[in-house]
Amino acid sequence: MNKTAQNFVKGIIKENPVLVLVLGTCPTLATSTSVINALGMGAAATVVLLCSNIVISALRKVIPDKVRIPCYIVLIAGFVTMVQMLVKAFAPDLDKALGIYLPLIVVNCIILGRAEMFANKNNVFDSAIDALGMGVGFTLALFCMASIREVFGNGTFAGIEIPVLIDNHISILTMAPGGFFVFGLLIAAVNKFGKYKPKKKDFGCEGCPQAESCGKTSCEKQEKEAAVND
Amino acid sequence: MTKLIVILLSAVFINNYVLSRFLGICPFLGVSKKLDSATGMSLAVIFVMLMATAATYPIQKYLLDPNGLGYLQTIVFILVIAALVQLVEIVLKRYVPSLHKSLGVYLPLITTNCAVLGVTILNIDEGYTFVEAMVNSLGSGLGFFLAMVMFSGVRSTIEGSDIPESFKGLPVTLTAAAITSLSFLGFSGVIENLFPM
């Protein structure tokens, strides 16, 4: 497999942003109540990710290293605002369904994470491919979760009623606890059957791509420092 | 007055940021391992939420809205919050070192926390007045605090138990979060019955 294909595929399986890297949990849990919402969220995030990765990669030699995180955030916020306006204009129903989670793409760890881990080290083409792979991986993970939650929780699939399940749906799955539960089950399934074992790292700040950006130390280290200072 | 109490209680219990709105999941899963770090983190969140609302609400009402710049909301808010957090950290370090010692390590982590940006945007979306917005931020912060403290207790119990191999780590934590969140479902409808409008 050549490098381009590898870059694309790794985001979908080996480094799936949601199920393996466990990034962007907030929108995953919140918007996976129905398949349509999940696909909308996935598409919106993919567009932002693609644009931000391309621009950040193109500007990687221009942006001074010290202020790169604020620069990234401004760029990302700009793209999020554009997507927000487009969705509002062309898909008002989706805008209502996603609500607060649409502007919150700004603080989605996946986007800042890819900027920090990939786009500022690689050329424009590779970064675009990486963004597409990650975006598709994010959308697929959301789609899986939303399918489970909508089919069993609501008895429908993308709004189409399913004969037996429509009368016997488990409505708790579409509510908040169901989100946590299905997400837990999916990650357990990935752990069990996945060929790619997730790294043995903690999912706390150690795994957070922003760990670098908050004072160059992870919060565990900072906690230790704080304990020493006491 | 009743409205303020309703806003406060519903922000803490019914629309709990972590357990029913799924905002701020990263710190909820990452920093809830020990009680003292959970407390420190949530106190810092309450503090920053109040400061952020106090700063962003006037900006939206008196700067962006009159000039038809409402669409700049997301960019302006995230920048204001990021700058504010840095400023607060510097001020605390200089003038209130004791508070900086207990909250300082958590402050940089909060800059890009979706709960903080979420509360400032929701305050505008809901059309609250300034006082209501502040009360809502306080309630949201307290709700975050409650969820963090409860969950750190739940997690310390899980630590010692025997868990199937594939459920170790995140899956069992999420399952526990599901059960914790289930308990908060019990609050829905309470406010309507306590304070019939």
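What you are looking at is a predicted structure, and each value in this text was computed from that prediction instead of being measured.

**Some points on the overall build of chain A**
The number of helices and strands found in chain A is nine helices and two strands. Along the chain direction, N to C, the helices and strands of chain A fall in the order α-α-α-α-α-α-α-β-β-α-α. Counting over 230 residues, chain A shows a buried share of 49%. At a minimum sequence separation of 6, the contacts of chain A that also span at least 24 residues come to 73%.

**Details of the packing of helix α3 (residues 35-64) of chain B against helix α8 (residues 130-159) of chain B**
Helix-helix packing is characterised by the crossing angle of the two axes and by the distance between the axes. All names here are of chain B. Where α3 contacts α8, the two axes come as close as 9 Å, and the packing angle between them is 165 degrees. Taken together, the axes of α3 and α8 lie roughly antiparallel to each other. Crossing geometry of α3 relative to α8 is assigned as right-handed. The residue inventory of the contact of α3 with α8, partitioned by class, reads 18 nonpolar, seven polar and no charged.

**Some remarks on unusual backbone geometry**
All names here are of chain B. Phi at F22 takes a positive value of approximately 60 degrees, unusual for a residue other than glycine. Inspection of the secondary structure assignment puts F22 in the loop between α1 (2-14) and α2 (25-30). Under the C-beta neighbour-count criterion, F22 is labelled buried, with 26 such atoms within 10 Å.

**Re the environment of N37 of chain A**
Residue and element names in this part refer to chain A. Along the chain, the position of N37 falls in helix α3 (residues 35-58). Owing to 21 C-beta atoms within 10 Å, N37 belongs among the buried residues under this scheme. Residues N37 and I105 lie 68 residues apart in sequence; the distance between their C-alpha atoms is 14 Å. Those residues in contact with N37 that lie beyond four places of it in its chain are T31, A97, L98 and A146.

**Quick look at the interface of chain A and chain B**
The parts lose accessible area when they come together, and the size of an interface is often stated as this lost area. Tallying the contact residues gives 45 residues for chain A and 39 residues for chain B. The element best represented in the side of chain A that touches chain B is helix α8 (residues 176-193) of chain A, accounting for eleven residues.

**Notes on the nonpolar core**
Taken as a class, soluble globular proteins show a tendency for nonpolar side chains to be buried jointly. Formed by 112 residues in total, the largest nonpolar core has its most connected members in V48, I76, I105 and V106 of chain A together with V45, V116 and L117 of chain B. Excluding its chain neighbours within four sequence positions, the residues that come into contact with V48 of chain A are I76, F79, V80, V83, I105 and I111 of chain A.

**Details of the packing of helix α4 (residues 68-90) of chain A against helix α4 (residues 73-95) of chain B**
Across the interface, α4 of chain A lies against α4 of chain B with an axial gap of 8 Å and an inter-helix angle of 155 degrees. The orientation of α4 of chain A with respect to α4 of chain B, classified from their angle, is roughly antiparallel. Handedness of the crossing formed by α4 of chain A with α4 of chain B: right-handed. Residues P70, I73, V74, A77, G78, V80, T81 and Q84 of chain A of α4 of chain A pack against T74, I75, I78, L79 and A82 of chain B of α4 of chain B.

**Some thoughts on the confidence of the model for chain A**
Residue and element names in this part refer to chain A. Looking at chain A as a whole, its pLDDT mean stands at 81, while 84% of the residues score no less than 70. Summarising per-element confidence for chain A, the mean pLDDT is lowest in helix α9 (residues 219-229) (52) and highest in α3 (92). Overall, residues 212-218 carries pLDDT values under 50, and its contacts beyond four positions in sequence, including any with other chains, amount to eleven contacts.

Each value, and the rule that gives it
Residues numbered from 1 in each chain as written. Chains lettered and ligands numbered in written order. Predicted model: local features only at pLDDT ≥ 70, side-chain atom pairs only at ≥ 80, totals over all residues. Helix = DSSP H or I, 4+ residues; strand = E, 2+ residues; numbered from the N terminus. Buried ≥ 20, exposed ≤ 12 C-beta atoms within 10 Å, placed from the backbone. Contact = placed C-beta atoms within 7 Å. Axes fitted to C-alpha atoms, helices over the stretch in contact; angles between N-to-C directions. Parallel < 35°, antiparallel > 145°, perpendicular 65-115°, else oblique. Left-handed = near helix turned anticlockwise from the far one by under 90°. Nonpolar A, V, L, I, M, F, W, Y, C, P; charged D, E, K, R; others polar. Core = buried A, V, L, I, M, F, W, Y, C linked by C-beta atoms within 7 Å. pLDDT = per-residue confidence, 0-100.

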